[in-house]
Amino acid sequence: MATVSYKDATRIYPGSDHPAVDRLNLEIGDGEFMVLVGPSGCGKSTSLRMLAGLEEVNEGNIFIGDRDVTDLPPKDRDIAMVFQNYALYPHMTVADNMGFALKMQNVPKAERQQRVLEAAKLLGLEDFLNRRPKALSGGQRQRVAMGRAIVRQPHVFLMDEPLSNLDAKLRVSTRTQIAALQARLGVTTVYVTHDQVEAMTMGHRVAVMKDGILQQVDSPLTLYDKPANLFVAGFIGSPAMNLISGKVVDGGVQIGDYVVPVPREVLAKAEGEQNLTLGIRPEAFHVDEAGIAVDVSVVEDLGADIYLYATLAGTSDEAKITAQQIVARLSTRHPAGQNRVRLGVDPASIHVFSNESQLRIS
Amino acid sequence: MPRFVSTTPDSRLLPFPWDTPLADWPVELLVALPRGLSRHVVRFIQVGHSVYAAKEVVEHLAVHEYRLLTDLYRLDTPSVEPVGIITERRDRAGNLLDPILLTRHLEFSLPYRSLFTPGVRQETVSRLLDAMVVLIARLHLIGFKWGDVSLSNILFRRDAGDFAAYLVDAETGELHTGLSDGQREQDLEIARTNLYGDFLDLQAGGLLLPPLDPITLVDTVTTRYHELWQELTGVEEFSGSEMDRIEGRVRRLNALGFDVAEMDIQTDAGSSKIRIQPKVVDAGHHQRRLMRLTGLDTEENQARRLLNDLDTYRFRMGLSHVDEAVVAHRWLTEVFEPVMQQVPQQLRAKREPAQLFHEVLDYRWYGSQREHREMPMIEAAQGYVRDVLEALPDEAMSREALLPVGPTERLVNPYDPSQGYVEEGEQPPHDPWEDEVDDSPVPSGFLDIAALRAKAADTGEGSGATR
Ligand SMILES: Nc1ncnc2c1ncn2[C@@H]1O[C@H](COP(=O)(O)OP(=O)(O)OP(=O)(O)O)[C@@H](O)[C@H]1O
Ligand SMILES: Nc1ncnc2c1ncn2[C@@H]1O[C@H](COP(=O)(O)OP(=O)(O)OP(=O)(O)O)[C@@H](O)[C@H]1O
Ligand SMILES: [Mg+2]
Ligand SMILES: [Mg+2]
């Protein structure tokens, strides 16, 4: 059983003047599915390699269980790095395709067969074990690939973008299967992806990184409902949260001709700031006479709901091209031909951020 | 309308059926050439006089690989040449198809499937491993982390008596200013696993016979890589009286085919110790020299062989005092070109010129030994064409490996070895997991937050619970 903790773990690449991973503190529970997510270059792969023992930790420590593994070579860490090896070897049986790496590690034959059989049962591949892997479907190939990882029976799984080269459909079905398998096996897993939808649907908790710095780590819903700063607010969710900057006035923040009410104690947290940013999820809007005035540019009908794409009222036509787009998901019909609408928000669904510190203050 | 992204637009590409999934293209458009395993659909197509490799792959990877191949090509790394990407493909029903990445088929390249034949010699395999190790080290020197070293992702070309290796699949690659030890180790670890699988597969197919053994081969790659890397980048320390060690190091690197563009030399004020470490090394030492002197573009060992012949020529003709460039020009017109002229046009696709010249030199050496006389070059060239070249298969576009390996082996699809071999009279077992695959289109890209909330409520985990 294994927990993982990063304690102020830092990695600076030789010749680089800033850390690729900067004082990372992260506790991963036993059996937890932790997803590291963030834009390209934010330090996800580096963090994973540090845990694997493939990247020097310049400062800080890494623990697996209560063992300090900071200076331990990879082979002594009991972890398995899963990479995108889906090549199926045409002359070998499915069983050998799943178990060959164990042979390289000198696992005795009987045990190899046992482990392969167990994995195959888990993956519904028992009947395929003695066949050669010709004409397997994309999904079946994915399962063989998962089998390759499972048979290694490590204490921690590390996965770096294992789905990035699959088409959209296979990606969706495989991510469900990986999450289900992880739940059954209960093996602590650290999973890296740049795709926030993947992160949110798979992770027990999600760690959002940017520029080598951990921004927030929380359950998917907490990330969604209480993003800690502007970056997380904009990164998590699709379509993204609307982030609208407005002037601080008595009782709220002014957007166009409307004052969005913000409690006094929230405003007090950003004393001295002239402007604050309001974060509003598309589905938090409703059509309301008391609301932000917008000019509708496109209406997309989704059946039950509609998406409204708009700009703040009064934006000139030239400015519209570059102006910030406001997206609203509404459950009402959009009155045809009506170009200007007002969008109201339930005060509880408004996120308020300081423009200076970028931090959430609501 | 599909969109063509390329630095060298080519109108001959327009008529191809971009609205059809690559797997369904009519065979008239395809060229059957041997190739490695792949998870994507890859086909060779004939465009004018060139053959291109077409790979159907998701958009962000197509773009990523195209850019990386362009960078590698610009950095003069042995890799396939990118041609372009075709995006925004739609089938007749209007559904979006994955883009196609086009690369130029590497002429005279031999995928491993045509090099590993039953009874392949240990010597040959050892040379293939060497070529592979040099390729990996060269990529690491320029800061390229491959992420997917495997036999299928390498192409080999003959290089005098050795092989030169080329990168063919850059999809998982990353280019940095340099690599950390951990990044190189990870690449090697991936290489070990992939190559081990590749060798086991060859063994299972009867193409790798004892004493060739997968684990030994894989270990050899690791050891040789570390030795080469040490020679290329390692620190050497010696006392001030051994200054010739600097020259020795440079010579050893030259012999391995590398130039030292920058050597870090430190002297310790207190003691008389000297520390040296090559800082910038470039592959292609002999290649560059031959190119500069003759304009011939060859592989490294071919260049070495041709330069040796050039040096011999210079000595024998008493031209030691003449400028090297002048001698090179005379050698080119009096030795190299006359040999090439002995090769009939229709046989020229069998070997590259430099390789052919190398083989003529070999032929002449054996002939001279046998007949106890010095065989003139022209006579050797004619003999080589008659005795050797005539019988050789075409290697510019080698079809060798498409021949069945064993009497019972037949590829399910001759254009794609990844689909395995035909087995008669077998029904695939029923797979209930496949039944569950639903056919509804995926609303990808959108976060279904309602579903997430429902799932969280189910498992008793709610918003804020972990705070
Ligand atoms: N060998 C190296 N030398 C210098 N900088 C490096 C090296 N390797 C990575 N970096 C830099 O370190 C940072 C983190 O890289 P890392 O690969 O961990 O990011 P990532 O989040 O995994 O990105 P991606 O999603 O693109 O894989 C990036 O800015 C990257 O350019
Ligand atoms: N330009 C080229 N010249 C010669 N052969 C090529 C070329 N491009 C591809 N091939 C052949 O096609 C095979 C498959 O191509 P490639 O490796 O790019 O596909 P892939 O689906 O990305 O593979 P993988 O499963 O390793 O990701 C290669 O092994 C190689 O033999
Ligand atoms: Mg490949
Ligand atoms: Mg690939």
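Calculation notes
- Counting restarts for each chain, with residues numbered from 1 along the sequence as it is written.
- Labels are handed out in written order, letters beginning with A for the chains and numbers beginning with 1 for the ligands.
- Local features in this predicted model are restricted to residues whose pLDDT is 70 or higher, and side-chain atom pairs enter the listing and the counts only when it is 80 or higher, whereas totals over whole chains, interfaces and linings include all residues.
- To get the side-chain values, all heavy atoms of the structure are used, and hydrogens and water are removed first.
- Strands are runs of DSSP state E lasting at least two residues, helices are runs of H or I lasting at least four, and both sets are numbered from the N terminus onward.
- When a residue's accessible area, from a 1.4 Å probe over protein chains only, is under 20% of the maximum for its type it is buried; when over 50% it is exposed; and in between it is partly exposed.
- Only heavy atoms enter the contact rule, under which two residues are in contact if any of them lie within 4.5 Å.
- The protein chains shown are the only cover counted for residues, whose accessible areas, like all others here, come from Shrake-Rupley with a 1.4 Å probe.
- Note on charges: Lys and Arg go in the positive column, Asp and Glu in the negative column, and His and the chain ends are not counted at all.
- Where a charge lies is defined by one atom per residue type: Lys uses NZ, Arg uses CZ, Asp uses CG and Glu uses CD.
- Because no water is among the atoms considered, metal sites can look incomplete, with donors defined as N, O and S atoms within 2.8 Å of the metal, or 3.2 Å for Na, K and Ca.
- Here is the rule: rings of Phe, Tyr and Trp (six-membered ring for Trp) pair when centre to centre is within 6.5 Å. Planes less than 30 degrees apart are stacked, more than 60 are edge-to-face, and the remainder are tilted.
- Comment: the charge-over-ring label is applied if NZ (Lys) or CZ (Arg) is within 6 Å of the ring centre and within 35 degrees of the ring normal.
- Only heavy atoms are used to decide nearness, and a residue is near a molecule or strand if one of them lies within 4 Å of it.
- Each polar contact in these results corresponds to two N or O atoms within 3.5 Å; when the atoms are within protein, one needs to be able to donate a hydrogen and the other to accept it, and residues that are neighboring in sequence are counted only if both atoms are side-chain atoms.
- Three classes are used: nonpolar for Ala, Val, Leu, Ile, Met, Phe, Trp, Tyr, Cys and Pro, charged for Asp, Glu, Lys and Arg, and polar for all others, with Gly counted as polar.
- We call a set of buried Ala, Val, Leu, Ile, Met, Phe, Trp, Tyr and Cys residues a nonpolar core when their side-chain atoms join them within 4.5 Å.
- Arc definition: directions from the helix axis to the C-beta atoms.
- At least two DSSP bridges between two strands are needed for those strands to be called paired.
- Using a 1.4 Å probe, buried area is obtained as the accessible area two parts lose upon being combined, added over both of them.
- The salt bridge definition used is simple: a Lys or Arg side-chain nitrogen within 4 Å of an Asp or Glu carboxyl oxygen.
- What fixes the domain bounds is an automatic or database domain assignment.

Draft legend 1. Local environment of the overall build of chain B. Assigned secondary structure in chain B consists of 13 helices and 16 strands. Judged by the C-alpha coordinates and their principal axes, chain B covers about 90 × 70 × 50 Å. Residues counted as buried form 50% of the 467 residues belonging to chain B. When contacts within chain B are restricted to residue pairs at least 6 apart in sequence, those whose partners lie at least 24 apart make up 63%. When the accessible surface of chain B is summed, it comes to about 22700 Å², and 52% of that surface belongs to carbon and sulfur atoms. Distance between charge centres in chain B, computed from 49 positive and 76 negative side chains, equals 5 Å.

Draft legend 2. Focus on the environment of A233(A). Residue and element names in this part refer to chain A. Looking at the element boundaries, A233 is found in helix α8 (residues 230–235). Relative accessible area serves as the criterion here: at 0%, A233 is assigned to the buried category. Expressed as a C-alpha distance, the spacing of A233 and F353, which sit 120 residues apart in the sequence, is 9.5 Å. For A233, the contacting residues outside a window of four places in its chain are P227, M241, L243, R281 and F353.

Draft legend 3. Geometry of the coordination of the magnesium ion (ligand 4). All names here are of chain B. At the metal site, the magnesium ion (ligand 4) is ligated by D169 (OD) and E171 (OE), and these contacts range over 2.3 to 2.5 Å. For the pair the magnesium ion (ligand 4) and the magnesium ion (ligand 3), the metal-to-metal distance amounts to 4.1 Å, and D169 bridges them. When its relative accessible area of 4% is taken as the criterion, E171 is described as buried.

Draft legend 4. Structural detail: the packing of aromatic side chains. Summed over all chains, the structure comprises 18 aromatic pairs over all chains. With a centroid separation of 6.0 Å and an interplanar angle of 50 degrees, the aromatic rings of F16(B) and W18(B) are classed as tilted. For the pair F16(B) and W18(B), a shared accessibility class is recorded, and that class is buried. Cluster of aromatic residues (ring-pair linked, three or more members): F4(B), F16(B), W18(B) and W25(B). Note that R281(A) overlies the ring of Y224(A), its terminal NZ or CZ placed 3.8 Å from the centroid.

Draft legend 5. Focus on the site of ligand 2. Residues and elements named next belong to chain B. By nearness alone, 21 residues border ligand 2, and G36, K55, R104, S152 and D169 come closest of all. With respect to ligand 2, the backbone of S152 contributes an N or O atom lying 2.4 Å from an oxygen atom. Considering ligand 2 on its own, with 630 Å² of exposed area, one finds that the protein chains cover 96% of that surface. Where the shell around ligand 2 is concerned, the elements lending two or more residues are β3 (41–47), β4 (50–56) and β8 (100–104). Partitioned by chemical class, the residues of the shell around ligand 2 number seven nonpolar, seven polar and seven charged.

Draft legend 6. Representation of the nonpolar core in the model. Core analysis: the biggest nonpolar cluster contains 59 residues, and F116(B), F156(B) and F199(B) have the highest contact counts within it. If one sorts the elements of this core by residue count, helix α3 (residues 122–141) of chain B sits on top with 10 residues. Each residue touching F199(B), except ones within four places of it in the same chain, is listed here: F116(B), L129(B), L151(B), L208(B), P214(B), L217(B) and V218(B). The next biggest cluster of nonpolar side chains, apart from the first, holds 52 residues, and it includes M146(A), M202(A), V208(A) and F235(A).

Draft legend 7. Spotlight on the site of ligand 1. Around ligand 1 lies a shell of 15 residues, among which S40(A), S45(A), T46(A), G178(B) and Q183(B) are the nearest. One nitrogen or oxygen atom from the side chain of H176(B) is found 3.4 Å from a nitrogen atom belonging to ligand 1. Here a nitrogen atom of ligand 1 and a side-chain polar atom of Q183(B) are 2.7 Å apart. Look at ligand 1: alone it shows 640 Å² of surface, and the protein chains cover 77% of it. The leading source of residues in the shell around ligand 1 is helix α1 (residues 44–52) of chain A, at three residues. Of the residues in the shell around ligand 1, the class split is five nonpolar, nine polar and one charged.

Draft legend 8. Just helix α7 (residues 285–294) of chain B, in detail. Residues and elements named next belong to chain B. Buried within α7 are the following residues: H286, L290, L293 and T294. The buried residues of α7 all sit within an arc of 75 degrees when viewed along its axis, so they share a single face. Those residues of α7 that are buried are in contact with α6 (244–255), α8 (300–316) and α9 (324–341). Backbone geometry just downstream of α7 places G295 in the positive-phi region, at approximately 80 degrees.

Draft legend 9. Representation of the pairing of strand β14 (residues 236–239) of chain B. Residues and elements named next belong to chain B. Here β14 shows a buried face lined by E236 and F238 and an unburied face lined by E237 and S239. When β14 meets strand β16 (residues 273–283), the two strands line up antiparallel, connected through four bridges. Of the residues in β16, the one forming a bridge with S239 is K273.

Draft legend 10. Expanded view of the interface of chain B and chain A. At the interface, 62 residues of chain B touch 60 residues of chain A. Here chain B meets chain A over a buried area of about 5400 Å², counting both sides, of which 58% is carbon and sulfur. In this structure, the connection of chain B to chain A is made through two salt bridges. A salt bridge links D225(A) to R453(B), with the nearest nitrogen and oxygen atoms 2.9 Å apart. At the boundary of chain B and chain A, one finds 11 residue pairs in polar contact (both at pLDDT 80 or more). Of all the elements, helix α4 (residues 181–204) of chain B adds the most residues to the side of chain B that touches chain A, at 14 residues. Here the side of chain B that touches chain A is built from residues that sort into 20 nonpolar, 23 polar and 19 charged.

Draft legend 11. Spotlight on the coordination of the magnesium ion (ligand 3). Protein coordination of the magnesium ion (ligand 3) is provided by N153(B) (OD1) and D169(B) (OD), with donor distances spanning 2.0 to 2.4 Å. Its relative accessible area of 5% is what places N153(B) among the buried residues.

Draft legend 12. How the structure looks around the domain arrangement of chain B. Segmentation of chain B into domains returns domain 1 (3–108) and domain 2 (341–392). The gap between the C-alpha centroids of domain 1 of chain B and domain 2 of chain B is 37 Å.

Draft legend 13. Main features of the sheet that holds strand β1 (residues 3–5) of chain B. Residues and elements named next belong to chain B. An order of β1-β5-β8-β4-β3-β2 is seen for the six strands of this open sheet, with the pairing classed as antiparallel. Unpaired on one side and paired on the other, β1 and β2 (30–31) mark the two borders of the sheet. Where β4 lies against β8, five bridges are found, and the strand directions are antiparallel. When the bridges of β8 are listed, E56 appears paired with I100.

Draft legend 14. Just the pattern of salt bridges, in detail. Residue and element names in this part refer to chain B. Using the criterion set out here, one finds 53 salt bridges over all chains in the structure. Among the salt bridges present, the one from R373 reaches E379, with a minimum N-O distance of 2.4 Å. Taking relative accessible area as the criterion, R373 reaches 33% and is therefore assigned partly exposed. Three or more residues are tied together by salt bridges with common partners; here these are E231, E236, E242, R245, R249 and R252.

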